[in-house]
Amino acid sequence: MFIHFLKENRYVTLLLTAIRLYLGWEWFIAGWGKISSGKFDASGFLHGALKNTSGDHPAVQPWWGSFIREVALPYVDLFNVLIPWGELLVGLGLILGIFTSFAMLMGLTMNFAYMFSGTASTNPQMVLLGLVILLAGGNAWKFGLDRWVNPVIRKVLAKKAGKETNPQTA
């Protein structure tokens, strides 16, 4: 019932747009701050997260610590590019309302990665708001570029699928 309300109610569209713009702005300024400073380095954050993997009640679970130790730290230079540009692009996608669901999914992925690494900050709030945007589907991007882009993409994909399934039209 609640999901139907989020997906169908035209008045909720305005609230969803405000939430989408808020989240987009938060992601955009986080990414822009890291890119424009030119000094972003995730290694300190990652080493700090590794320190929190021990004890009776670790803030960072051992399996996530293994990921940090085996993947994130050896490839920290890649993560130093992916994180700020990912944040910036998620922000742009949400602000413009283009590829909204994908942008929100990637934003949630980063929120969970930060929380898995032992930080709370605004991440739980952003996860809850992001889930609302995802659950709302198309109602979250009615006032965005997806309103025009998604029908074109669907038409192109349907046309391509029609050619592949019907050998007479090939």
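Residues numbered from 1 in each chain as written. Predicted model: local features only at pLDDT ≥ 70, side-chain atom pairs only at ≥ 80, totals over all residues. Heavy atoms only, no water.

### Quick look at the overall build of the protein
Within the protein, the regular secondary structure consists of eight helices and zero strands. Across the protein, helices and strands are ordered from the amino to the carboxyl terminus as α-α-α-α-α-α-α-α. In terms of overall size, the protein is more extended than a compact globule, its C-alpha atoms giving a radius of gyration of 19 Å where 170 residues would be expected to give roughly 15 Å. For the protein, the spread of C-alpha atoms along the three principal axes comes to 60 × 45 × 35 Å. With 170 residues in all, the protein has 34% of them scored as buried. Here the protein displays about 10600 Å² of accessible surface, and carbon together with sulfur accounts for 68% of that area. (Helix = DSSP H or I, 4+ residues; strand = E, 2+ residues; numbered from the N terminus. Rg over C-alpha atoms; globule rule 2.2 N^0.38 Å. Buried < 20%, exposed > 50% of the residue type's maximum accessible area, 1.4 Å probe, protein only. Areas by Shrake-Rupley, 256 points an atom, 1.4 Å probe, with all protein chains shown as cover.)

### Thoughts on the pattern of salt bridges
This model, assessed by the stated rule, comprises one salt bridge. With a shortest N-O distance of 2.9 Å, E87 and K34 are connected by a salt bridge. Of this pair, E87 sits in helix α5 (residues 76-96) while K34 sits in helix α2 (residues 12-37), and the two are 53 residues apart along the sequence. (Salt bridge = Lys/Arg side-chain N within 4 Å of Asp/Glu carboxyl O.)

### Side note on the environment of A42
Along the chain, the position of A42 falls in the loop between α2 and α3 (43-51). The exposure class of A42 is buried, given its relative accessible area of 4%. Sequence-wise, A42 and L129 are 87 residues apart; in three dimensions their C-alpha atoms are separated by 25 Å. When sequence neighbours within four positions are dropped, the list of residues in contact with A42 reads V76, N80 and I83. (Contact = heavy atoms within 4.5 Å.)

### A word on the packing of α5 against helix α6 (residues 100-116)
Following both chains from N to C, one finds α5 and α6 inclined at 140°, their axes separated by 9 Å at the closest point. For the element pair α5 / α6, the angle class is oblique. Two packed elements cross with a definite hand, and for α5 against α6 that hand is left-handed. The residues of α6 that touch α5, namely those facing I83, G86, E87, V90, G93 and L94, are T100, A103, M104, M106, G107, M110 and Y114. Considering only residue class, the contact of α5 with α6 consists of eight nonpolar, four polar and one charged. (Axes fitted to C-alpha atoms, helices over the stretch in contact; angles between N-to-C directions. Parallel < 35°, antiparallel > 145°, perpendicular 65-115°, else oblique. Left-handed = near helix turned anticlockwise from the far one by under 90°. Nonpolar A, V, L, I, M, F, W, Y, C, P; charged D, E, K, R; others polar.)

### Brief notes about unusual backbone geometry
Across residues other than glycine, the phi torsion is negative in most instances, and most of the peptide bonds are trans. Look at F99: it is not a glycine, yet its phi comes out positive at around 50°. Mapped onto the fold, F99 is located in the loop between α5 and α6. A positive phi is found at S121, a non-glycine position, where the angle reads about 50°. Among the secondary structure elements, S121 is positioned in the loop between α6 and α7 (123-136). The exposed category is assigned to S121, whose relative accessible area is 63%.

### Structural notes on the confidence of the model for the protein
For the protein, per-residue confidence averages 93 on the pLDDT scale, and 96% of positions sit at 70 or higher. When the elements of the protein are averaged for pLDDT, helix α8 (residues 146-165) gives the smallest value, 87, and α5 the largest, 98. (pLDDT = per-residue confidence, 0-100.)

### What about the environment of G137?
Its place among the elements puts G137 in the loop between α7 and α8. The exposure class assigned to G137 is buried, which follows from its relative accessible area of 16%. Sequence separation between G137 and S117 is 20 residues; the distance between their C-alpha atoms is 29 Å.

### Digging into the packing of aromatic side chains
The tally for this structure, following the rule as stated, stands at eight aromatic pairs. Look at F112 and F116: their rings are 6.2 Å apart centre to centre, the planes differ by 35°, and that puts the pair in the tilted class. Residue F112 and its partner F116 are located together in helix α6, separated by four residues, close to a single helical turn. With relative accessibility at 35%, the residue F112 sits in the partly exposed group. Taken together, the ring pairs connect W63, W64, F67, F79, F112 and F116 into an aromatic cluster. (Phe/Tyr/Trp six-rings, centres within 6.5 Å; stacked < 30°, edge-to-face > 60°.)

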